[in-house]
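These are the residues of each chain, in order.
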Amino acid sequence: MTRPWTGRAGRWAGALLIAVPLLLALLGPLFAGEPGPRAASFTAGGGHWAGTDFVGRDVWRQVLLGGRPVIVAALAATMLAYAVALPLGLFSALTHRRWLDELLMRPLDVLLAVPSLLLILLVAAVMRPGAAGIALLVALVNIPDAARAVRAAAAEAASRPVVEALRMQGESWVRTALGYVGRSALRTLAADAGMRLTGVLYLVATAAFLGVGAAPDAADWAVMVDRNRTGMFVQPWAVALPAVLIVALTMGTNLLFDAALTGRGRGAGPPREPQPGHTPADGDGTDPGPSRREKPNP
């Protein structure tokens, strides 16, 4: 039985949910215009259709300007985390030296035991990171979990006899790791990337909500939720608009990845294992056919 939010319905729902915050984040600064004169705090009307915020600025203009910092920081942190975790996890899964595997993974387990937000707050107490600093911090706290996920996804494929056959044929580590092991774990890693992007968005937004990596009056969706919550019952749009956009972005990301992976799973199976003496570069791993077999001696 097909789940209600998979396949085409899930793709459309995810695309619609994610389109609005993405368009506002990418194109919003182009239409924000110049800041007008400030009005009274938490008021509606007076040329401000979404009202004013805690210092009298136009809420809609702040919404147009506030999406780009959140999304850029989340995407940068996710890519940085996988740039380190992918080679680390693949190397750990493919190595035959147990001591080297332990040397790579055990320090990550120590970092994994520390709550992510607590580690960010501890570093922020010593230094004041900017937008780039918060992206690096969020990437750092995601590397241990991402590396463990890559290693777990690649370990099963790395233990197959075909990997040993590729080694004996003299294939390079890069071709073995990316050409076969990485392809075998692709669907699992794609699902993990979708979930991790949602978690990174949560961490970036929470850090900005707590004043880490963003100025107290910055045009940032998370900062808007934090600074305007004192007037939520007087002027709710200042909190509701940025909060709904953050929720739509995270929900849409999850639905898109889930629907895409479900559709891919119906039509494609795991990659075929290449036969000994027949590398992945030569073809798809099937029998070479009569024209390539050696003729038996009479």
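Sequence positions are assigned chain by chain, starting from 1 and proceeding in written order. With the structure being a predicted model, the display of local features is reserved for residues of pLDDT at least 70 and the display and counting of side-chain atom pairs for 80 or more, all residues being used for whole-chain, interface and lining totals. Values shown for side chains rest on all heavy atoms present in the structure; no hydrogens or waters enter the calculation.

So, the overall build of the chain
Here is step 1: Numbering goes from the N terminus for both helices and strands, where a helix is a DSSP run of H or I of at least four residues and a strand is a run of E of at least two. Along the backbone of the chain there are 10 helices and 0 strands.
Here is step 2: Counting from the amino terminus, helix and strand elements in the chain follow one another as α-α-α-α-α-α-α-α-α-α.
Here is step 3: Only protein chains enter the area calculation, which uses a 1.4 Å probe; residues under 20% of their type maximum are buried, those over 50% are exposed, and those in between are partly exposed. Among the 298 residues that make up the chain, the fraction classed as buried is 42%.
Here is step 4: Of the contacts made within the chain by residues no fewer than 6 positions apart, 73% connect residues no fewer than 24 positions apart.
Here is step 5: Surface accessibility of the chain: about 16500 Å² in total, with carbon and sulfur atoms responsible for 66%. Contacts are residue-level and defined by heavy atoms, with any inter-residue pair within 4.5 Å sufficient. Values of accessible area rely on a 1.4 Å probe in the Shrake-Rupley scheme; residue burial ignores everything except the protein chains shown.

Details of the UniProt feature "transmembrane region" (unreviewed entry) in the chain
Here is step 1: Taken from the UniProt record, the annotation "transmembrane region" (unreviewed entry) applies to residues 70-91, 103-125, 131-150, 197-216 and 236-257.
Here is step 2: Annotated as residues 103-125, this span is 87% helix and 0% strand, and its ends, taken at the C-alpha atoms, are 30 Å apart.
Here is step 3: Along residues 197-216 one finds 65% helix and 0% strand; the C-alpha atoms at either end are 25 Å apart. UniProt positions are given in the numbering used here, feature names are shortened, and annotations may be inferred rather than shown by experiment.

Comments concerning the packing of helix H2 (residues 59-94) against helix H5 (residues 131-158)
The axes of two packed helices give the description: the angle between them and the distance between them.
Here is step 1: Two numbers describe how H2 lies on H5: the axes approach to 6 Å, and their chain directions differ by 35 degrees. Viewed along their axes, H2 and H5 form a crossing whose handedness is right-handed.
Here is step 2: Looking at side-chain class alone, the contact of H2 with H5 contains 24 nonpolar, 3 polar and 1 charged residues. Each axis is a line fitted through C-alpha atoms, and for a helix only the stretch in contact is used; angles between axes span 0 to 180 degrees, taken between their N-to-C directions. The handedness criterion is simple: a crossing whose near helix is rotated anticlockwise from the far helix by less than a right angle is left-handed, and one whose near helix is rotated clockwise is right-handed. Charged means Asp, Glu, Lys or Arg here, nonpolar means Ala, Val, Leu, Ile, Met, Phe, Trp, Tyr, Cys or Pro, and polar covers whatever is left, Gly included.

Overview of a nonpolar patch on the surface
Here is step 1: Residues Leu 23, Leu 26, Leu 27, Leu 30 and Phe 31 make up a contiguous nonpolar surface patch of roughly 570 Å² in combined accessible area.
Here is step 2: With respect to the helices and strands, the residue Leu 23 is situated in helix H1 (residues 7-31). Residues enter a patch when their relative accessible area is above 30% and they make no salt bridge; the linking distance is 9 Å between like charges and 5 Å between nonpolar side chains (Val, Leu, Ile, Met, Phe, Trp, Tyr). Whenever Lys or Arg places a side-chain nitrogen within 4 Å of a carboxyl oxygen from Asp or Glu, that contact is recorded as a salt bridge.

Notes on the layout of surface pockets
Here is step 1: As defined here, a cavity is a set of points on a 1 Å grid over the protein atoms alone where a 1.4 Å probe fits but cannot get out. A pocket is an open set with protein on both sides within 12 Å along at least five of seven lines, and residues line them when an atom is within 4 Å of a point. Grid points are joined across faces, edges and corners, and a volume is the space filled by probe spheres set on the points. Reported here for the second largest pocket is a volume of approximately 200 Å³.
Here is step 2: Forming the boundary of the second largest pocket are 14 residues, of which Ser 116, Val 141, Asn 142, Asp 145 and Leu 203 lie nearest the centre.
Here is step 3: Elements represented by at least two residues in the lining of the second largest pocket include exactly helix H3 (98-112), helix H4 (116-126), H5 and helix H8 (186-209).
Here is step 4: Counted by class, the lining of the second largest pocket contains 9 nonpolar, 3 polar and 2 charged residues.

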